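# An overview of the molecular structure
Letter by letter, the chains look like this.
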Amino acid sequence: KAGVTQTPRYLIKTRGQQVTLSCSPISGHRSVSWYQQTPGQGLQFLFEYFSETQRNKGNFPGRFSGRQFSNSRSEMNVSTLELGDSALYLCASSLGPHLNYGYTFGSGTRLTVV
Amino acid sequence: AQRVTQPEKLLSVFKGAPVELKCNYSYSGSPELFWYVQYSRQRLQLLLRHISRESIKGFTADLNKGETSFHLKKPFAQEEDSAMYYCALSGSGNTGKLIFGQGTTLQVKP
């Protein structure tokens, strides 16, 4: 079966712009989490969604937002981009809202802000 | 504060040598601990979790609550073990929020 699909794979944006990243979970998975990965800060949790509801939010400014649709696909949006937002954004999906189900990660979207 | 510390950025060993990747955590409740691995040009994937008490690819990890550690061990390293290893913690409620360490690159030399 298809894995977690993230689009686009690469993105270059200018400071001040906004960006939307997409994540399609494995078929049947209803939980989606997002992470930001940078060389300096490592992997940091952004949000978690289950059945279209945000269950957890990480310590990121309000410029970072997300949502989940009824088909479990998820999007994250970053407004007013800053140079420091350049990172690999990873999405992970799971059958249920608990880690016991196991999370499968996507390949990520590499965002470069210039 | 919830924190995961992996003190070594790089661990280099020879094939056949024992491996121990260190992980220490800070959490006031009862955490769930995990090890994730990322092989070159591959996705991040779950290696093992403490509640399963399993051995995957010869790796084991024991949760030591007294020392707040969850070190990953393998008695005989193989070249295919070369990868980036991340220790991660999930707090109470066992939600999808993971706190990751900074990662340790394991390099197994022939």
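We now turn to the structure provided with this report. (Residues numbered from 1 in each chain as written. Chains lettered and ligands numbered in written order. Predicted model: local features only at pLDDT ≥ 70, side-chain atom pairs only at ≥ 80, totals over all residues. Heavy atoms only, no water.)

### Considering the pattern of salt bridges
Here the structure, examined in full by the defined rule, presents eight salt bridges over all chains. Residue B:E20 pairs with B:K22 through a salt bridge whose shortest N-O separation is 3.0 Å. Assessed through its relative accessible area of 28%, B:K22 is described here as partly exposed. The network of salt bridges with shared partners includes A:R63, A:E82 and A:D85. (Salt bridge = Lys/Arg side-chain N within 4 Å of Asp/Glu carboxyl O. Buried < 20%, exposed > 50% of the residue type's maximum accessible area, 1.4 Å probe, protein only.)

### Topic: the packing of aromatic side chains
Counting across every chain of the model gives 11 aromatic pairs over all chains. With a centroid separation of 6.1 Å and an interplanar angle of 90°, the aromatic rings of B:Y86 and B:F100 are classed as edge-to-face. Highlighted residues: B:Y86 in strand β9 (residues 83-90) and B:F100 in strand β10 (residues 99-100), separated in sequence by 14 residues. There is no split in this pair, since B:Y86 and B:F100 are both buried. Among the aromatic residues, ring-to-ring pairing joins A:Y35, A:F45, A:F105, B:F34, B:Y36, B:Y86 and B:F100 into one connected group. Directly above the aromatic system of B:F14 lies the positively charged group of B:K109, at a separation of 4.5 Å from the ring centroid. (Phe/Tyr/Trp six-rings, centres within 6.5 Å; stacked < 30°, edge-to-face > 60°. Helix = DSSP H or I, 4+ residues; strand = E, 2+ residues; numbered from the N terminus. Lys NZ or Arg CZ within 6 Å of the ring centre and 35° of its normal.)

### Let's talk about the environment of A:V78
Residue and element names in this part refer to chain A. Of note, V78 is situated in strand β8 (residues 74-78). Judged by relative accessible area, V78 falls into the buried class, the value being 0%. For the pair V78 and T20, spaced 58 residues apart in the sequence, the C-alpha separation amounts to 6.6 Å. Beyond its immediate sequence surroundings of up to four residues, V78 is in contact with Q17, Q18, V19, R63, F64 and D85. (Contact = heavy atoms within 4.5 Å.)

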